[in-house]
Amino acid sequence: DYRLKEDWVAVANASTRVNALKPINFAWISSGERVDGFLAHELAEVVPEAVTGSKDATEMVDIKDEEGNVTGQEERPVYQGIDQSKLVPLLTAALQEALAAIDDLTARVSALEAK
(Lines give C-alpha, C1' and ligand atoms only; values in the text may rest on other atoms or scores of the structure.)
Protein backbone atom coordinates (compact mmCIF):
# COMPACT_ATOMS: atom_id res chain seq x y z
CA ASP A 1 0.00 0.00 0.00
CA TYR A 2 1.36 3.43 -0.94
CA ARG A 3 0.48 4.71 2.52
CA LEU A 4 3.23 2.54 3.96
CA LYS A 5 5.93 3.85 1.64
CA GLU A 6 7.88 7.09 1.32
CA ASP A 7 10.75 8.57 -0.68
CA TRP A 8 9.64 6.93 -3.94
CA VAL A 9 12.18 6.85 -6.77
CA ALA A 10 12.19 5.00 -10.06
CA VAL A 11 14.36 1.89 -10.34
CA ALA A 12 17.56 3.12 -11.98
CA ASN A 13 19.95 1.30 -14.31
CA ALA A 14 17.73 -1.77 -14.37
CA SER A 15 19.11 -3.14 -17.64
CA THR A 16 22.68 -2.74 -16.45
CA ARG A 17 21.86 -4.53 -13.20
CA VAL A 18 20.01 -7.34 -15.00
CA ASN A 19 23.01 -7.80 -17.30
CA ALA A 20 25.17 -8.20 -14.19
CA LEU A 21 23.07 -11.16 -12.98
CA LYS A 22 24.55 -14.62 -13.49
CA PRO A 23 21.69 -17.10 -13.89
CA ILE A 24 22.77 -20.73 -13.84
CA ASN A 25 21.28 -24.20 -14.14
CA PHE A 26 22.25 -26.43 -11.25
CA ALA A 27 21.39 -29.67 -9.46
CA TRP A 28 20.35 -29.67 -5.80
CA ILE A 29 22.75 -31.86 -3.79
CA SER A 30 19.88 -33.31 -1.74
CA SER A 31 17.69 -34.46 -4.64
CA GLY A 32 19.65 -34.15 -7.88
CA GLU A 33 16.76 -32.06 -9.28
CA ARG A 34 17.99 -29.59 -11.90
CA VAL A 35 16.62 -26.04 -11.80
CA ASP A 36 17.44 -22.56 -13.05
CA GLY A 37 18.50 -20.05 -10.43
CA PHE A 38 21.33 -18.06 -8.91
CA LEU A 39 24.17 -18.47 -6.46
CA ALA A 40 23.11 -16.36 -3.49
CA HIS A 41 26.51 -14.78 -2.86
CA GLU A 42 26.70 -13.63 -6.51
CA LEU A 43 23.13 -12.33 -6.53
CA ALA A 44 23.86 -10.36 -3.34
CA GLU A 45 26.38 -8.27 -5.27
CA VAL A 46 23.64 -7.01 -7.62
CA VAL A 47 20.38 -7.27 -5.64
CA PRO A 48 21.36 -7.48 -1.97
CA GLU A 49 17.77 -7.06 -0.76
CA ALA A 50 16.90 -10.40 -2.39
CA VAL A 51 19.44 -12.38 -0.34
CA THR A 52 19.44 -13.39 3.32
CA GLY A 53 22.46 -14.58 5.22
CA SER A 54 26.17 -14.25 4.57
CA LYS A 55 28.47 -16.21 2.27
CA ASP A 56 30.13 -19.18 4.00
CA ALA A 57 28.48 -18.40 7.37
CA THR A 58 28.62 -21.05 10.08
CA GLU A 59 27.38 -21.44 13.64
CA MET A 60 28.38 -23.56 16.59
CA VAL A 61 25.66 -25.95 17.74
CA ASP A 62 25.49 -28.15 20.79
CA ILE A 63 25.77 -31.90 20.37
CA LYS A 64 23.51 -33.71 22.82
CA ASP A 65 23.32 -37.31 23.95
CA GLU A 66 20.10 -39.34 24.24
CA GLU A 67 19.32 -37.75 27.63
CA GLY A 68 19.70 -34.23 26.23
CA ASN A 69 23.04 -33.54 27.90
CA VAL A 70 25.47 -31.40 25.93
CA THR A 71 28.49 -33.49 25.05
CA GLY A 72 30.25 -31.06 22.75
CA GLN A 73 29.82 -28.61 19.93
CA GLU A 74 30.24 -28.68 16.19
CA GLU A 75 30.34 -26.09 13.47
CA ARG A 76 27.50 -26.24 10.94
CA PRO A 77 26.77 -24.15 7.86
CA VAL A 78 24.14 -21.39 7.94
CA TYR A 79 22.90 -21.30 4.38
CA GLN A 80 22.02 -18.19 2.42
CA GLY A 81 18.57 -17.84 0.90
CA ILE A 82 17.04 -15.99 -2.03
CA ASP A 83 13.65 -14.30 -2.16
CA GLN A 84 13.11 -14.36 -5.91
CA SER A 85 10.05 -12.11 -5.63
CA LYS A 86 12.47 -9.25 -4.86
CA LEU A 87 13.78 -9.59 -8.44
CA VAL A 88 10.40 -8.80 -10.03
CA PRO A 89 10.61 -4.97 -9.77
CA LEU A 90 14.13 -4.97 -11.23
CA LEU A 91 13.14 -7.28 -14.08
CA THR A 92 10.03 -5.21 -14.78
CA ALA A 93 12.07 -1.99 -14.95
CA ALA A 94 14.63 -3.64 -17.25
CA LEU A 95 11.85 -4.87 -19.53
CA GLN A 96 10.37 -1.37 -19.63
CA GLU A 97 13.80 0.04 -20.58
CA ALA A 98 14.13 -2.58 -23.33
CA LEU A 99 10.62 -1.89 -24.66
CA ALA A 100 11.33 1.85 -24.76
CA ALA A 101 14.53 1.17 -26.73
CA ILE A 102 12.64 -1.12 -29.12
CA ASP A 103 9.96 1.54 -29.66
CA ASP A 104 12.64 4.16 -30.33
CA LEU A 105 14.49 1.91 -32.79
CA THR A 106 11.24 0.94 -34.52
CA ALA A 107 10.35 4.59 -35.00
CA ARG A 108 13.84 5.35 -36.35
CA VAL A 109 13.68 2.42 -38.81
CA SER A 110 10.21 3.49 -39.96
CA ALA A 111 11.46 7.05 -40.51
CA LEU A 112 14.43 5.80 -42.52
CA GLU A 113 12.26 3.49 -44.61
CA ALA A 114 9.85 6.33 -45.36
CA LYS A 115 12.63 8.36 -47.01
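Residues numbered from 1 in each chain as written. Predicted model: local features only at pLDDT ≥ 70, side-chain atom pairs only at ≥ 80, totals over all residues. Heavy atoms only, no water.

Draft legend 1. The overall build of the protein chain, seen in detail. Tallying secondary structure elements over the protein chain gives 3 helices and 6 strands in all. Tracing the protein chain from N to C terminus, the helices and strands come up as α-β-β-α-β-β-β-β-α. The C-alpha atoms of the protein chain give a radius of gyration of 23 Å, which is well past the 13 Å a tight globule of 115 residues would have. Counting only C-alpha atoms, the protein chain reaches 85 × 40 × 20 Å along its principal axes. When each of the 115 residues of the protein chain is scored for burial, the buried share is 14%. Long-range contacts, defined here as pairs at least 24 residues apart, represent 43% of the contacts in the protein chain between residues at least 6 apart. Just so you have it, the protein chain exposes about 9200 Å², and 54% of that area is on carbon and sulfur atoms. (Helix = DSSP H or I, 4+ residues; strand = E, 2+ residues; numbered from the N terminus. Rg over C-alpha atoms; globule rule 2.2 N^0.38 Å. Buried < 20%, exposed > 50% of the residue type's maximum accessible area, 1.4 Å probe, protein only. Contact = heavy atoms within 4.5 Å. Areas by Shrake-Rupley, 256 points an atom, 1.4 Å probe, with all protein chains shown as cover.)

Draft legend 2. Seen up close, the nonpolar core. Among the nonpolar cores identified, the biggest contains 13 residues, and A14, L21, F38, L43, V47, A50 and L87 are the most heavily contacted of them. Broken down by secondary-structure element, the contributors of at least two residues to this core are α2 (40-46) and α3 (88-114). Other than its neighbours up to four places away in sequence, A14 contacts L90, A93, A94 and E97. (Core = buried A, V, L, I, M, F, W, Y, C linked by side-chain atoms within 4.5 Å.)

Draft legend 3. A nonpolar patch on the surface, seen in detail. On the surface, L95, L99 and I102 cluster together to form a nonpolar patch covering roughly 280 Å² of accessible area. Tracing the backbone through its elements, the reader meets L95 in helix α3. (Patch = residues over 30% accessible without salt bridge, like charges linked within 9 Å, V, L, I, M, F, W, Y side chains within 5 Å. Salt bridge = Lys/Arg side-chain N within 4 Å of Asp/Glu carboxyl O.)

Draft legend 4. Quick look at the environment of E49. As for its placement among the helices and strands, E49 is situated in the loop between α2 and β3 (51-52). C-alpha separation for the pair E49 and S85, spaced 36 residues apart in sequence, amounts to 10 Å. Excluding residues that lie within four positions of it along the chain, E49 makes contacts with R17 and K86.

Draft legend 5. Examining the pattern of salt bridges more closely. For the structure on display, the rule yields 6 salt bridges. The partner of K86 in a salt bridge is D83, and the shortest N-O contact between them spans 4.0 Å. Note on K86: relative accessible area 40%, which makes it partly exposed.

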